[in-house]
Amino acid sequence: MKRSEEENASAMKTREDIATALAASGYIADAELATAISLMQLLKRPLLLEGEAGVGKTEVAKALAAAHATELIRLQCYEGLDQSAALYEWNYQRQLLSIQAHRGEDADAIEHQIFSEKYLLERPLLAAIRRDKPPVLLIDEIDRADDEFEAFLLELLSDFQVSIPELGTIKAVTIPHVVLTSNGTRELSDALRRRCLYHYVDYPDVDREARIIMARIENAGASLSLQIARLVEGIRKEELRKVPGVAETLDWAAALVGLGVRDLHDTPELVHETLMCLLKTHEDRSRVTREVSERLLGKVA
Amino acid sequence: MSCCDTTPGYDELDEVSRLVSTKLAAFLRTLRDNGFAVGLHEGRDAASLMAAGYAARPGLLRSAFKHLFSARKADWEKFDGLFDAFWLGKRVRSRSVTMGSAKSANSPSLKSLRDTRAEPSGSEAATDQVPSTDEAPENRAGEGRMEGASRAENLSEIDFRKMADPEQIEQAHAVAARLAKAMRARLTRRDQARRRGYRLDLRRTIHSNISHGGVPISLIKRRRKPKPLRLVVLLDASGSMSMYTGVFLRFIHGVLDEFREAEAFLFHTRLAYVSDAMKEKDSARALDRLSIMAQGAGGGTRIGESLQTFNRWHAARVIHSRSCVMIVSDGYETGDAALLGREMAALAKRCRRIVWLNPMLGWQGYAPEAAGIKAALPHIDLYAPANTLQSLCALEPYLAKL
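Rules used throughout
Residues numbered from 1 in each chain as written. Chains lettered and ligands numbered in written order. Predicted model: local features only at pLDDT ≥ 70, side-chain atom pairs only at ≥ 80, totals over all residues. Buried ≥ 20, exposed ≤ 12 C-beta atoms within 10 Å, placed from the backbone. Helix = DSSP H or I, 4+ residues; strand = E, 2+ residues; numbered from the N terminus. Pairing = 2+ DSSP bridges. Right-handed = clockwise from strand over helix to strand, strands pointing away. Contact = placed C-beta atoms within 7 Å. Nonpolar A, V, L, I, M, F, W, Y, C, P; charged D, E, K, R; others polar. pLDDT = per-residue confidence, 0-100. Core = buried A, V, L, I, M, F, W, Y, C linked by C-beta atoms within 7 Å.

All names here are of chain B. With six of six residues buried, strand β6 (residues 323–328) lies mostly within the body of the structure. Alternating positions in β6 separate into two faces, Ser323, Val325 and Ile327 on one and Cys324, Met326 and Val328 on the other, with burial throughout. Relative to β6, strand β3 (residues 230–236) runs parallel, the two being bridged by six bridges. The residue of β6 that forms the bridge with Leu234 is Ile327. Pairing of β6 with strand β7 (residues 353–358), which is carried by five bridges, proceeds in the parallel orientation. Residue Met326 lies in a different strand from β7, and its bridge partner there is Val355. This β-α-β element, β6 to helix α14 (residues 337–350) to β7, shows right-handed connectivity.

Put into structure tokens, the structure is as follows:
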């Protein structure tokens, strides 16, 4: 019993530690995300983050890397991503040169030589399992990659070893902290989902968004940040095609601070004109007219 | 990394008392019943979490389990209620997940549907139904009803049980399979024509040419794998379409089974996402879910609004650049025809092709006069008649060209 209490204490401490460490690197996490990260470390499972575009999924991984004071290795997924771009590739130019240089020698010896570590190019996935200090491996927008790649990734994430036909099996030196993000443009396979811890990242509430602005934008005062966060919340409730994410909020806050705005109510004109930071389609821009922006501003205390 | 480097051993797992393990097992069973994909591995992890002190506070345990057991957004939203109901004895506050689905889940007909259907499918079920043919309009919802738009929201339901007729399901599957094959083949050829030559596989080329001293004599090439077409079917289940709903539902069933990627939606005054329900393995459950979603089927049509819902909530997920959207509707719009035009334009921007199948088009002397179809026509790539499976078969060459 005593032992479990101790562990309990250590778990709690870690969770708070995680939250403070993330905050120190500029990410304001909610309690649930801190739990997710502590679980991720305890169970050694990858963390799958889902949510709308621009809610700060990628930022989680960046902040996590900063909190662990370790390297962030990022693999951006896209359609047609294959092993040679994700895992490893041979350095063809050097291999060809080497073959020319050793012309006339025993073919077996040449083959043995050109398929050695020296000619191997590490790509993100291989790099991530060969670091001495476990890095944060961010597999960004996994939904953009195709099913085949997903299946391959699954194998890597369960065994943490890679087999290179010419070289043999390479086992992981350390197990990286794996963070996967998905925008939900494609349904991921159940197998991958089961491997991972799941966390849904939602738009932050007003209070958290204000704290995010203060953490990220220099010279953003508390009252201005709160005003911005409230206005953005109002805008998100409008019928928009592209709902502004946290990144857009930060852009806008930076713009306002840069223009020397202290209070949104002082400069309604400027507020309306700088809304281009938030609204990214022509349709949305024409929907949020001057009247709408004034109405929204009116609701902000 | 800093805290718990060792995975919990057996002695630690022993700390989870037998009682708690039994309760945990029961909870896992509850989760499985609710559609969570929870395996042995998750169970073991859950036990080690409890041993590691996450069970200290209900809130903490809930949050920890939520991350462990959820696999998708639907699970994520459902989990808190399930957890509270099981561990804290609170009532589950169910949340409807499907956009545009019926608000209340306890439709009276759900119960009656269950009661009247003792066996889900098979010979017994087939005997107590009149085997319906595609041509004959036997749907009772269609009887004594004028063909045309109606503004009323009819809450009676389309009889989806006809879907369970094995012979017709087989037929529908056959049509869908042929269609899938034709459309896939066509897309592959397009893909190749667009490609400028083949890519060279350097890795393999060098490997196989070592015996030539590295001079690439025999080249090894790569070809891009052709991608399957995704078919998204939007079926009008309004009153004016009631004669054809059954036919097309069977067809959708076939499409979902035969195409590698397919999604299905049903719309009338609202839009309902039905792929999940129709993919359900237990056919009785599938019918139940479908009839809940189809509440309001057989009433008026708001195509524009339904498309708006589709564009706003589903399009980004469901449609990609190789998607073909098939709308099955008579185009009798009771809502705003201008809105329909706008939404069709938005949809046309997103997907590769739009096919509009109109059952009425087969009728003699029919002209697309309805305001809805007039607004939609400029954005449609193929506008064709279809009211039976046979006519769908006849369309195959045209659909294959898309």
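Having seen it, we continue.
Another aspect to go through is the environment of His320 of chain B. Residue and element names in this part refer to chain B. For His320, the location among the structural elements is in the loop between α13 (303–318) and β6. The class for His320 is partly exposed, based on 18 C-beta atoms found within 10 Å. Spatially, the C-alpha atom of His320 lies 7.3 Å from that of Arg350, the residues being 30 residues apart in sequence.

Residue and element names in this part refer to chain A. Neither face of strand β1 (residues 47–50) is left uncovered, since the one carrying Leu47 and Leu49 and the one carrying Leu48 and Glu50 both have all their residues buried. Relative to strand β8 (residues 177–182), β1 runs parallel, the two sharing four bridges. Its bridge partner being in β8, Glu50 is matched across the sheet by Ser182. Pairing of β1 with strand β9 (residues 197–200), which is carried by four bridges, proceeds in the parallel orientation. Paired with Leu48 across the strands is Tyr198, a residue of β9.

With that settled, consider the interface of chain B and chain A. Listed by partner, the interface residues are 32 residues for chain B and 36 residues for chain A. When contributions to the side of chain B that touches chain A are tallied by element, the ones reaching two or more residues are α3 (40–54), α4 (58–69), α5 (73–88), α9 (202–208) and α13 of chain B. When the residues that make up the side of chain B that touches chain A are grouped by side-chain class, the tally is 17 nonpolar, nine polar and six charged.

What follows is about the environment of Ser391 of chain B. Tracing the backbone shows Ser391 of chain B in helix α16 (residues 389–401). When the 17 C-beta atoms within 10 Å are taken as the criterion, Ser391 of chain B is described as partly exposed.

All names here are of chain B. Per-residue confidence for chain B gives a mean pLDDT of 69; residues scoring 70 or more make up 61%. Averaged pLDDT values over the elements of chain B bottom out at 36 in helix α7 (residues 123–127) and peak at 88 in α4. Counting interchain partners and residues more than four positions distant, the pLDDT-below-50 stretch residues 1–7 has eleven contacts. Taken as a whole, residues 187–197 scores under 50 in pLDDT and shows five contacts with residues more than four places along the chain or in a different chain. In the model output, the complex is listed with pTM 0.66 alongside ipTM 0.78.

A few words on the nonpolar core. In this structure, Leu64, Val179, Leu197 and Ile228 of chain A are the most contacted members of the largest nonpolar core, which totals 93 residues. The element that contributes the greatest number of residues to this core is helix α2 (residues 31–43) of chain A, accounting for eight residues. Leave out the neighbours within four places in its chain, and Leu197 of chain A touches Ala36, Leu39, Met40, Arg45, Leu47 and Leu48 of chain A together with His67 and Leu68 of chain B. By size, the runner-up hydrophobic cluster in this structure holds 59 residues, among which are Leu229, Ala264, Ala277 and Leu307 of chain B.

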